[in-house]
Amino acid sequence: MEVKEISQAVIGRLPRYFRYLGELKDEGVERISSQELSELMKVTASQIRQDFNNFGGFGQQGYGYNVEFLYNEIGKILGLDKKHNFIIVGAGNLGRALGNYMNFERRGFIFRGMFDRNPELIGNDVRGIKVMPMEELESFVRENDIDIAVLTIPKTGAVEVADKLAQNGIRAIWNFAHVDLNLPKEIQVENVHLSDSLMKLSYNINRYMQENP
């Protein structure tokens, strides 16, 4: 069966829909219209309907959307009805902060291992997980059904590590290293450049100050 191509812009909005719907569900809201969701999220009602129509619509005219049903369906689209084992490569400040973030488990992302080259970090405990030496990385990935690797290492070593991960069955990389990774197309890569986000914020501050002297 041919899989419909969905734009990255739509995919990028799905986690936000999921988050808002989760909050509504926790508040006991049973149904919501696209207009009401629009007012909450500051996305046009038309855009919301267009986005959901990519996956079949989900709503009923005159009724709106069942919040719990829509939350569960978007979770399935995002793959959150499955468990994903992940490791972190790099036990520095960012790596440890991500390892200690317990909300990952709520979304089905299971923290299984952490690796580093620094002998002073090896053996340290991060939420019950011992930091392991890099020499054990490849065998650990093969033997523990690891889906996702999180790279929080300097860019000088990231390409080599990513290649090793690709050769040993990793399915996706969440890349915090400031370097582009040239990997086989079946390996999904999500790049996160924290400084880029901060520079975007700086631009918006500067623009606002120019428009409102």
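The notes below deal with the structure included here. Computed from a prediction, not measured in an experiment: that's the story for all the values here.

About the thresholds
Residues numbered from 1 in each chain as written. Predicted model: local features only at pLDDT ≥ 70, side-chain atom pairs only at ≥ 80, totals over all residues. Heavy atoms only, no water. Axes fitted to C-alpha atoms, helices over the stretch in contact; angles between N-to-C directions. Helix = DSSP H or I, 4+ residues; strand = E, 2+ residues; numbered from the N terminus. Parallel < 35°, antiparallel > 145°, perpendicular 65-115°, else oblique. Left-handed = near helix turned anticlockwise from the far one by under 90°. Contact = heavy atoms within 4.5 Å. Nonpolar A, V, L, I, M, F, W, Y, C, P; charged D, E, K, R; others polar. Core = buried A, V, L, I, M, F, W, Y, C linked by side-chain atoms within 4.5 Å. Buried < 20%, exposed > 50% of the residue type's maximum accessible area, 1.4 Å probe, protein only. Arc of directions from axis to C-beta. Pairing = 2+ DSSP bridges. Patch = residues over 30% accessible without salt bridge, like charges linked within 9 Å, V, L, I, M, F, W, Y side chains within 5 Å. Areas by Shrake-Rupley, 256 points an atom, 1.4 Å probe, with all protein chains shown as cover. Salt bridge = Lys/Arg side-chain N within 4 Å of Asp/Glu carboxyl O.

### Points about the packing of helix 2 (residues 34-41) against helix 3 (residues 45-53)
Here is step 1: Closest axis-to-axis distance for the helix 2/helix 3 pair is 8 Å, and the angle between their directions is 110°. As summarised for this structure, helix 2 and helix 3 are arranged roughly perpendicular, according to the angle between their axes. In terms of crossing hand, the pair formed by helix 2 and helix 3 is right-handed. Counting all contacts with helix 2, which are made through Ser-34, Gln-35, Leu-37 and Ser-38, the residues of helix 3 involved are Ala-45, Ile-48, Arg-49 and Phe-52.
Here is step 2: Here the residues of the contact of helix 2 with helix 3 are counted per class, giving four nonpolar, three polar and one charged.

### Structural notes on the nonpolar core
Here is step 1: Judged by nonpolar contacts, the single largest core of 23 residues is most densely connected at Ile-87, Leu-137, Leu-151, Leu-165 and Ile-173.
Here is step 2: Sorting the residues of this core by element identifies strand 3 (84-89), helix 7 (137-143), strand 7 (148-151) and helix 8 (155-167) as the ones contributing at least two each.
Here is step 3: Sequence-distant contacts of Leu-165, defined by excluding residues within four places in its chain, comprise Ile-87, Leu-137, Val-141, Ala-149, Leu-151, Ile-170 and Ile-173.
Here is step 4: One finds Leu-14, Phe-18, Leu-24 and Phe-58 within the second-largest nonpolar core, a separate group that totals 18 residues.

### Remarks on the environment of Ala-177
Here is step 1: Secondary-structure assignment places Ala-177 in the loop between strand 8 (172-175) and strand 9 (188-191).
Here is step 2: Expressed as a C-alpha distance, the spacing of Ala-177 and Gly-56, which sit 121 residues apart in the sequence, is 37 Å.

### Brief notes about helix 3
Here is step 1: Among the residues of helix 3, those classed as buried are Ala-45, Ile-48, Asp-51 and Phe-52. Angular distribution of buried residues about the axis of helix 3 spans 125°; they occupy a single face of the element.
Here is step 2: If you follow the buried residues of helix 3, they end up packed against helix 1 (8-26), helix 2, strand 2 (65-66) and helix 4 (67-77).

### Brief notes about the packing of helix 1 against helix 2
Here is step 1: Closest axis-to-axis distance for the helix 1/helix 2 pair is 11 Å, and the angle between their directions is 105°. It follows that helix 1 is roughly perpendicular to helix 2 by the angle criterion. For the pair helix 1 and helix 2, contact is made by Arg-16, Tyr-17, Tyr-20 and Leu-24 and by Leu-37, Leu-40 and Met-41, respectively.
Here is step 2: Of the residues belonging to the contact of helix 1 with helix 2, the class tally is six nonpolar, no polar and one charged.

### Re the sheet that holds strand 6 (residues 129-133)
Here is step 1: Taken together, the seven strands give an open sheet; going across it, the order is 5-6-4-3-7-8-9, and neighbouring strands pair in mixed fashion. Both edges of this open sheet fall to strand 5 (125-126) and strand 9, since each of them pairs with a single strand only.

### So, the environment of His-193
Here is step 1: With respect to the helices and strands, the residue His-193 is situated in the loop between strand 9 and helix 9 (194-211).
Here is step 2: Along the chain, His-193 and His-178 lie 15 residues apart, while their C-alpha atoms are 6.6 Å from each other.
Here is step 3: In contact with His-193, not counting residues within four places along its chain, are Ala-177, His-178 and Val-179.

### Focus: a nonpolar patch on the surface
Here is step 1: A contiguous nonpolar patch, built from Leu-198, Leu-201, Ile-205, Tyr-208 and Met-209 and spanning about 570 Å² of accessible area, is present on the exposed surface.
Here is step 2: Residue placement: Leu-198 occurs in helix 9.

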